[in-house]
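So the chains spell out like this:
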Amino acid sequence: MTATDRAVELTRAAADAADDKLATDIIAFDVSDQLALTDVFLLCSASSQRQVKAVQDAIEERMIALGVKAVRREGEREGRWVLLDFQDIVVHVQHQEERVFYALERLWSDCPVVPVS
């Protein structure tokens, strides 16, 4: 099974929104074969807590414009790692230090990459 066309569309839109706010290391993994909960994990980094929040806001605004709202948010209070669950995709906006420490891409490296640029 592969990610749905809708999941890929949302992933690219979220990646574009993150890029607009200067997020770095943007990468998406098709996790549909590994998880039943979602099709794609999108990871991106930000250099400060303020930027994490700006990236989060930009992604949520873009998703709302596409008719999708987050069903779950975690970590927005701390501003170091925000998880946004849009059902078809899950977005991780991480401070650069958390990104290095948790290395999520290492966990999902066996999954296909979804082109986002």
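Residues numbered from 1 in each chain as written. Predicted model: local features only at pLDDT ≥ 70, side-chain atom pairs only at ≥ 80, totals over all residues. Heavy atoms only, no water.

Peer 1: How should the packing of helix α1 (residues 5-20) against helix α2 (residues 49-65) be read in this particular structure?
Peer 2: A pair of packed helices can be characterised by two numbers: the angle between their axes and the separation between those axes. As a packed pair, α1 and α2 sit with axes 8 Å apart at the nearest point and diverge in direction by 140°. Considered as vectors, α1 and α2 are oriented oblique to each other. In this structure, α1 crosses over α2, and the sense of that crossing is right-handed. Contacts between α1 and α2 involve L10, A13, A14, D16, A17, A18 and D20 from the former and V55, A58, I59, R62 and M63 from the latter. Here the contact of α1 with α2 is composed, by residue class, of nine nonpolar, no polar and three charged. (Axes fitted to C-alpha atoms, helices over the stretch in contact; angles between N-to-C directions. Helix = DSSP H or I, 4+ residues; strand = E, 2+ residues; numbered from the N terminus. Parallel < 35°, antiparallel > 145°, perpendicular 65-115°, else oblique. Left-handed = near helix turned anticlockwise from the far one by under 90°. Contact = heavy atoms within 4.5 Å. Nonpolar A, V, L, I, M, F, W, Y, C, P; charged D, E, K, R; others polar.)

Peer 1: Honestly, the sheet that holds strand β5 (residues 89-95) in this entry has me stumped. Any pointers?
Peer 2: Strands pair in a sheet through their backbones, by hydrogen bonds, and they do so in one of two ways: parallel or antiparallel. One open sheet holds the five strands; their spatial order is β1-β2-β5-β4-β3, and the pairing between them is mixed. Of all strands in the sheet, those with a lone pairing partner are β1 (24-30) and β3 (72-74), marking the two edges. Taking the axes of each pair of neighbouring strands and ignoring which way they run, one obtains an average angle of 10° across the sheet. Where β3 lies against strand β4 (residues 81-85), three bridges are found, and the strand directions are antiparallel. When the sheet's bridge partners are listed, R72 is paired in β4 with D85. (Pairing = 2+ DSSP bridges.)

Peer 1: What should I look at first to understand the environment of D57 in this one?
Peer 2: Relative to the assigned elements, D57 resides in helix α2. D57 gets classed as partly exposed once you look at its relative accessible area, which sits at 30%. Note: C-alpha distance between D57 and A17 (40 residues apart in sequence) is 9.0 Å. (Buried < 20%, exposed > 50% of the residue type's maximum accessible area, 1.4 Å probe, protein only.)

Peer 1: Can you walk me through the packing of aromatic side chains in this structure?
Peer 2: Geometrically, a pair of aromatic rings is defined through the distance of the ring centres and the angle of the planes. Counting across every chain of the model gives three aromatic pairs. Arranged with centres 5.1 Å apart and planes meeting at 90°, the rings of F41 and W108 form a pair that is edge-to-face. With F41 in strand β2 (residues 40-46) and W108 in the segment after α4 (104-107), this residue pair connects regions lying 67 residues apart in the sequence. This pair shows no difference in class: F41 is buried, exactly as W108 is. Ring centres 4.9 Å apart and planes at 55° place the aromatic pair W81 and Y102 in the tilted group. Note that W81 is positioned in strand β4 and Y102 in helix α3 (residues 96-102), a separation of 21 residues in sequence. Assessed through its relative accessible area of 40%, Y102 is described here as partly exposed. An aromatic cluster is present here, built from W81, F101 and Y102 joined pairwise through their rings. (Phe/Tyr/Trp six-rings, centres within 6.5 Å; stacked < 30°, edge-to-face > 60°.)

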